[in-house]
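# Notes for the structure review
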Amino acid sequence: MNRTGNRFVLFSLAAFAVSTYGAGAADAEIAHLLKFVEDTQCRYERNGELHGGKEAAAHIRKKYAHFKDEIASAEDFIALSAMKSELSGKKYRVLCEGQAVQDSAQWLMDELKKYRQ
């Protein structure tokens, strides 16, 4: 194989390694966020109705399965699966005792930031 061919093979292997690592990291982050939602004592508001963590996580998992091919990062996961209703366009909100109501996306981004530290 010539030098150009060797470089191409090395570049391809490096790109594969980076993309594989990135996918693994994203999968771990998404799994963490789903567990975080499932275990929360906060209430999840979706289209004006309140849901517990387990019910909210189940709904988000369904949306994740639907959008999985479009999700390459935890941020994509939040934006496509856990931010707003596809039907009404209303943002999901989180109500935690003793705290101000917050958008689900911000709540999850805050947790993602903690997880990455």
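Coordinates for the structure precede this section.
So, a few notes on the structure that sits alongside this text. (Residues numbered from 1 in each chain as written. Predicted model: local features only at pLDDT ≥ 70, side-chain atom pairs only at ≥ 80, totals over all residues. Heavy atoms only, no water.)

### Section: the state of the cysteines
Defined as follows: Only a pair of cysteine sulfur atoms within 2.5 Å qualifies as a disulfide here. Only DSSP runs of H or I reaching four residues or more are called helices, and only runs of E reaching two or more are called strands; each is numbered from the N terminus. Buried residues are those whose accessible area, probed at 1.4 Å on protein chains only, stays under 20% of the maximum for their type, while exposed residues exceed 50% and partly exposed ones sit between those limits.
In the structure shown here, the tally under the stated rule is 1 disulfide. One disulfide bridge connects Cys42 with Cys96, the sulfur atoms lying 1.9 Å from each other. Its S-S torsion of about 110° marks the bond between Cys42 and Cys96 as right-handed, since a negative value means left-handed. Of this pair, Cys42 sits in the loop between helix 1 (3-39) and strand 1 (43-46) while Cys96 sits in the loop between strand 3 (93-95) and strand 4 (102-103), and the two are 54 residues apart along the sequence. Per residue, the accessibility class of Cys42 equals that of Cys96, and both read buried.

### Digging into the pairing of strand 1
Quick reminder of the rule: For two strands to count as paired, DSSP must find a minimum of two bridges between them.
Where strand 1 lies against strand 3, 3 bridges are found, and the strand directions are antiparallel. Pairing of Arg43 across the sheet is with Leu95, part of strand 3. Both strand 1 and strand 2 (residues 49-51) contribute to a ladder of 3 bridges, which runs antiparallel. Bridge pairing links Glu45 to Leu50 in strand 2. Linking strand 1 back to strand 2 in an antiparallel pair, the connection comprises 2 residues, with Asn47 at a positive phi of about 55°.

### Some details on the packing of aromatic side chains
Basically, it comes down to this: When the centres of two rings from Phe, Tyr and Trp lie within 6.5 Å, Trp using its six-membered ring, the rings pair. Their planes under 30 degrees apart give stacked, over 60 give edge-to-face, and anything left gives tilted.
Taken as a whole and judged by the stated rule, the model has 4 aromatic pairs. Their ring planes at 65° and their centres at 6.1 Å tell us that Tyr44 and Trp107 sit as a pair that is edge-to-face. Here the residue Tyr44 occupies a position in strand 1, and Trp107 occupies one in helix 4 (residues 104-116), the gap between them amounting to 63 residues. Residue classification places Tyr44 among the buried residues on the basis of a relative accessible area of 2%. Residue classification places Trp107 among the buried residues on the basis of a relative accessible area of 7%. Three or more aromatic residues joined by ring pairs make a cluster, and in this case those are Phe36, Tyr44, Tyr92 and Trp107.

Shape is all these values report; function is a separate question.
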